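Residue strings, one per chain:
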Amino acid sequence: MLDSHCCVPDCLEGPYAPAGTRSICKDHFISFLTWRRRRGTQMFHAYAGMTMEERDTIAAEWMKTIRTDDVPAAAPKL
């Protein structure tokens, strides 16, 4: 995870977990898990056995479902 911020467009949060070969912030990671689980138990478990290219495809499909107003703003640094 060499990304300096979340791979979701307009999100400036720091990386938390992988989404394919890129990284996403904690809020988007939870959203990604929820989205995968809603697609069915079989898909949720199949993700673990996928190659990184297959995971990138799934992550790209999920990113299409994100609305721009769902993107969290970066927290101000104190």
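Residues numbered from 1 in each chain as written. Predicted model: local features only at pLDDT ≥ 70, side-chain atom pairs only at ≥ 80, totals over all residues. Heavy atoms only, no water.

**Student:** Hey, could you run me through the overall build of the protein in this one?
**Tutor:** Per the secondary structure count, the protein includes 3 helices and 2 strands. Traced from its N-terminal end to its C-terminal end, the protein shows the element sequence β-β-α-α-α. Counted over contacts in the protein with a minimum sequence separation of 6, partners at least 24 positions apart contribute 41%. Carbon and sulfur atoms make up 55% of the accessible area of the protein, which totals about 5,400 Å². (Helix = DSSP H or I, 4+ residues; strand = E, 2+ residues; numbered from the N terminus. Contact = heavy atoms within 4.5 Å. Areas by Shrake-Rupley, 256 points an atom, 1.4 Å probe, with all protein chains shown as cover.)

**Student:** Help me understand the environment of W62, please; the structure alone is not making it clear to me.
**Tutor:** As for its position among the elements, W62 is in helix α3 (residues 52–63). The sequence separation of W62 and L33 amounts to 29 residues, and the corresponding C-alpha distance is 10.0 Å. Setting aside anything within four residues of it in sequence, one finds W62 in contact with V8, I24, H28, S31, F32 and W35.

**Student:** Would you mind going over the nonpolar core with me for this structure?
**Tutor:** Buried together is how nonpolar side chains tend to be arranged in soluble globular proteins. Residues C6, V8, I24, F32, W35, I58 and W62 are the most contacted members of the largest nonpolar core, which totals 16 residues. When contributions to this core are tallied by element, the ones reaching two or more residues are α1 (26–38) and α3. Ranked by residues supplied to this core, first place goes to α3 with 4 residues. The contacts of I58, once residues within four sequence positions are left out, are F32, W35, R39, M43, Y47 and M50. (Core = buried A, V, L, I, M, F, W, Y, C linked by side-chain atoms within 4.5 Å. Buried < 20%, exposed > 50% of the residue type's maximum accessible area, 1.4 Å probe, protein only.)

**Student:** Help me understand the pattern of salt bridges in this model?
**Tutor:** Any two side chains of opposite charge can pair if their charged atoms end up close together. Scanning all chains against the criterion turns up 1 salt bridge. Close ionic contact of R39 with E61 constitutes a salt bridge, the shortest N to O distance being 3.2 Å. Remark: E61 occurs in helix α3 and R39 occurs in the loop between α1 and α2 (41–46); sequence separation between them is 22 residues. Using a relative accessible area of 40% as the deciding quantity, one classes R39 as partly exposed. A residue is classified by how much of its surface remains accessible, and E61, at 34% relative accessible area, is partly exposed. (Salt bridge = Lys/Arg side-chain N within 4 Å of Asp/Glu carboxyl O.)

**Student:** Teacher, can you tell me more about the packing of α1 against α3 here?
**Tutor:** When two helices pack together, their arrangement is given by the angle between the helix axes and the distance between those axes. At a closest axis distance of 11 Å, the pairing of α1 and α3 adopts a crossing angle of 100°. Considering their axes alone, α1 and α3 lie roughly perpendicular with respect to each other. Touching H28, S31, F32 and W35 of α1 are I58, A59, E61 and W62, all from α3. Each residue belonging to the contact of α1 with α3 can be placed in one class, and the counts come to 5 nonpolar, 2 polar and 1 charged. (Axes fitted to C-alpha atoms, helices over the stretch in contact; angles between N-to-C directions. Parallel < 35°, antiparallel > 145°, perpendicular 65-115°, else oblique. Nonpolar A, V, L, I, M, F, W, Y, C, P; charged D, E, K, R; others polar.)

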